[in-house]
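# Survey of secondary and tertiary structure
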Amino acid sequence: MSDIIAADQLRLLIERIERLEEEKRGTQDDIKDVYAEAKSTGFDVKTMRAIVRLRRLEKHHRDEADALLETYRQALGLH
């Protein structure tokens, strides 16, 4: 009896994962479409992706990354 319950539970979990994976693909396609729209209106997609990545970071991590980048730029004379 517990084998049947475990098999049913496993099947339900797998089906949930499959649905979530499908939703994720749909979301990824939507994001791709938004970047394509941005590019077609003249925005730089590479820069937009960098901004999105930075906005995911907590402020102190973002400040740390900015400081490190500035240090490296100064060391290389890129200021």
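Here, residues in each chain are numbered from 1, in the same order as that chain's written sequence. Where totals are concerned, whole chains, interfaces and linings use all residues; where local detail is concerned, this predicted model gives features only for residues with pLDDT of at least 70, and gives and counts side-chain atom pairs only at 80 or more. Hydrogen atoms and water are omitted, and side-chain values are computed over all heavy atoms in the structure.

### Looking at the UniProt feature "domain: GapR-like DNA-binding" (unreviewed entry) in the protein chain
Within this numbering scheme, the UniProt entry marks residues 6-77 as carrying the feature "domain: GapR-like DNA-binding" (unreviewed entry). A run of DSSP states H or I qualifies as a helix once it reaches four residues; a run of E qualifies as a strand once it reaches two. Both are numbered from the N-terminal end. Regarding residues 6-77, the helix share stands at 89% and the strand share at 0%, and the terminal C-alpha atoms are separated by 63 Å. UniProt positions are given in the numbering used here, feature names are shortened, and annotations may be inferred rather than shown by experiment.

### Thoughts on a negative patch on the surface
Exposure above 30% relative accessible area and no salt bridge define the residues that can form patches, which grow by joining like charges within 9 Å and nonpolar side chains of Val, Leu, Ile, Met, Phe, Trp and Tyr within 5 Å. Calculation of accessible area relied on Shrake-Rupley with a 1.4 Å probe; when residues are assessed, cover is drawn exclusively from the protein chains displayed. Any Lys or Arg side-chain nitrogen found within 4 Å of a carboxyl oxygen on Asp or Glu counts as a salt bridge. Neither His nor the chain termini are counted; the positive set is Lys and Arg, and the negative set is Asp and Glu. For charged residues, the charge sits on one atom: NZ in Lys, CZ in Arg, CG in Asp, CD in Glu. On the surface, a cluster of negative charge is made up of Asp29, Asp30, Asp33 and Glu37. Position of Asp30 among the secondary structure elements: in helix 1 (residues 2-40).

### A short note on the pattern of salt bridges
Overall, the coordinates contain five salt bridges when judged by the stated rule. Two residues, Glu22 and Arg25, come together in a salt bridge whose shortest N-O distance is 2.8 Å. Taken as a pair, Glu22 and Arg25 lie in helix 1 at a separation of three residues, close to a single helical turn. The exposure class assigned to Arg25 is partly exposed, which follows from its relative accessible area of 40%. In this structure, Lys59 engages Asp63 in a salt bridge whose closest nitrogen and oxygen atoms are separated by 2.8 Å. Here Lys59 and its partner Asp63 are both found in helix 3 (residues 59-75), four residues apart, which amounts to about one turn of the helix. Partly exposed describes any residue whose relative accessible area lies between the buried limit of under 20% and the exposed limit of over 50%, with all areas from a 1.4 Å probe on protein chains only and scaled to the type maximum. Here Asp63 falls in the partly exposed class, since its relative accessible area comes to 37%. Among the charged side chains, a network of salt bridges with common partners joins Asp8, Arg11 and Glu15.

### Here's the deal with the UniProt feature "coiled-coil region" (unreviewed entry) in the protein chain
Following the UniProt record, one finds the feature "coiled-coil region" (unreviewed entry) at residues 10-37. Annotated as residues 10-37, this span is 100% helix and 0% strand, and its ends, taken at the C-alpha atoms, are 41 Å apart.

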